Amino acid sequence: MSGTSLPIGILGAGLSGLTVAWSLQKSGTAYQLLEGNAEPGGYIRSVREGEYLRELGPNSLLIDQEVRAFLHELDLSSQLLPANPVGDDRYVFRNGAYRQLPSGPLSLLFGGFFGWKTKLAVLRESRVASRSPEGETLAAFFARRFSPELVDYALNPFVAGIYAGDPQQLLVAQTFPALVAYEREHGSVLKGLMKNRTGERRQSVSFRDGLQTLPRVMASKLDGIRFGIDVQSIHKNPDSGWRVVTSAGELEFDKLIVTAPAFVCAGWFRESLPAFSQVLEAIRYPPMTVVHTAFRRADVRHPLQGFGGLNPKIEGLFAAGHLWSSSVFAARCPPDEVLLTSFVGGSQSANRAHLPDEALLRQLNAELQRVFGVTGEPTFQRIFRWERAIPQYDAHALPAQQQAAALEKEGLFFCTNWLNGVSLTDAIKKGRTLAEKLQSLR
Ligand SMILES: Cc1cc2nc3c(=O)[nH]c(=O)nc-3n(C[C@H](O)[C@H](O)[C@H](O)COP(=O)(O)OP(=O)(O)OC[C@H]3O[C@@H](n4cnc5c(N)ncnc54)[C@H](O)[C@@H]3O)c2cc1C
């Protein structure tokens, strides 16, 4: 069966699938959103235990005007919990302590974080005439345009702490395409940044009950969502359209939007698109273990006035970084305590994520005591393990990313975090853009 009257199929109710569904519903386009779990949100998981609120996956959503308007559309504006002003300050471990990372070129040039070689490199960046060759890594790009020090103390901790990645592996054109565009169009990253400055201040936000409020509210507004439907495989119909085999039977769609992680999609296409399934399988998702620890405020010497502390690989610390969660958002733990969220593992130290609980906590707690001047025992501590956390935009991911685009002409669309951006903001923007494109095709 096929025909234009069929609803659009959306597989997966993480933020990507929910955004596409909401945008289609608003424009009156029929859709069916199928989710395997009993709850929406995918990687977004907020867990409350008494006065403690833990985010197991993402901790904050970065909003600009477009995302703010989107949240307004969902009647969520009044529920937003903005990050405290200290949340703008990022710290990086260097010479035995967390030091504030310069937030822009001026503080970089006039502050004491970086040495004169890096400052000189920043001043001369617009004179670097070379252009990014195909397949250039993030580390090579930054070393070529700036300095090795910037790679070690800004890029490395940023990429490890936020992308669970390794700048020696991630490709610049795939991870930060804007930087390559600035170099190509303006001959300089810094000039490109200045020219494209909108003056708009982006803001980190969450919700009083955590980020999972967002998918829960979105799902509650959707007419076409079904939970507990496990998608098992996807097959191409001989004429046109797609047949989706699920735990609740088979469904037919002319147009299908896939939002699941690459390792899940690989299974779905194993029979119907075996070559594509193989390249999907190659996308790497390093493991990441997330540990939440609370201490009595009086037992912590460090003021924790900031977003958190990132750990450059070169400093040899155990964790990739620690978010100072109770400093960033209100009401994350009892008022006389502090809550830290530590990230262990990622691409550069995957084995550590797999340490048994006892060994992992022994090393982590020793680090927390040392770097934050902790004197007492934790009042609360929980471990959560992501066996496969964040997809890496490295050379292994390229073939699947390239092949996915070619399937659009057959009515198969991908709106996922292994393509065109991993952040929640990316999910919202890509979801809206795809919904608009599909409306224009009908
Ligand atoms: C530890 C960690 C910290 C992060 N921190 C941040 C942060 O602070 N800010 C930020 O912007 N981003 C952050 N991210 C990234 C961000 O959370 C994800 O990239 C984003 O949530 C992905 O959303 P998605 O909807 O594209 O995919 P997913 O959330 O993976 O959604 C896919 C959906 O498909 C469903 N599904 C899977 N298999 C099946 C099946 N067989 N049948 C039916 N349905 C199925 C899943 O249940 C899921 O609901 C973080 C990620 C991790 C792991």
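Reading the values: rules and limits
Residues numbered from 1 in each chain as written. Predicted model: local features only at pLDDT ≥ 70, side-chain atom pairs only at ≥ 80, totals over all residues. Near = placed C-beta within 6 Å. Helix = DSSP H or I, 4+ residues; strand = E, 2+ residues; numbered from the N terminus. Nonpolar A, V, L, I, M, F, W, Y, C, P; charged D, E, K, R; others polar. Axes fitted to C-alpha atoms, helices over the stretch in contact; angles between N-to-C directions. Left-handed = near helix turned anticlockwise from the far one by under 90°. Contact = placed C-beta atoms within 7 Å. Pairing = 2+ DSSP bridges.

### Looking at the site of the ligand
In the neighbourhood of the ligand, 37 residues make up the surrounding shell, with G12, G14, G36, G42 and P58 lying closest. Elements that contribute at least two residues to the shell around the ligand include exactly α1 (15–26), β15 (288–296) and α17 (424–441). For the shell around the ligand, the per-class residue count stands at 20 nonpolar, 15 polar and two charged.

### Thoughts on the packing of α1 against helix α10 (residues 213–220)
Angle between the axes and distance between the axes are the two parameters that describe a pair of packed helices. Two numbers describe how α1 lies on α10: the axes approach to 10 Å, and their chain directions differ by 35°. Our pair here, α1 against α10, has a crossing hand that is left-handed. Within the contact between the two elements, α1 uses L15, L18 and W22 and α10 uses P215, M218 and A219.

### Brief notes about the environment of S440
One can find S440 in helix α17. Taking C-alpha positions, S440 is 41 Å from P85, a pair spaced 355 residues apart along the chain.

### What to know about the sheet that holds strand β9 (residues 203–207)
Pairing within the open sheet is antiparallel, and its three strands lie in the order β5-β9-β6. In the strand order of this sheet, the two ends are held by β5 (61–63) and β6 (80–82), each with one partner. Across this sheet, the average inter-strand angle for adjacent strands is 50°, counted without regard to direction. Pairing between β5 and β9: three bridges, direction antiparallel. Residue pairing for β9: I63 is matched across the bridge by Q203.

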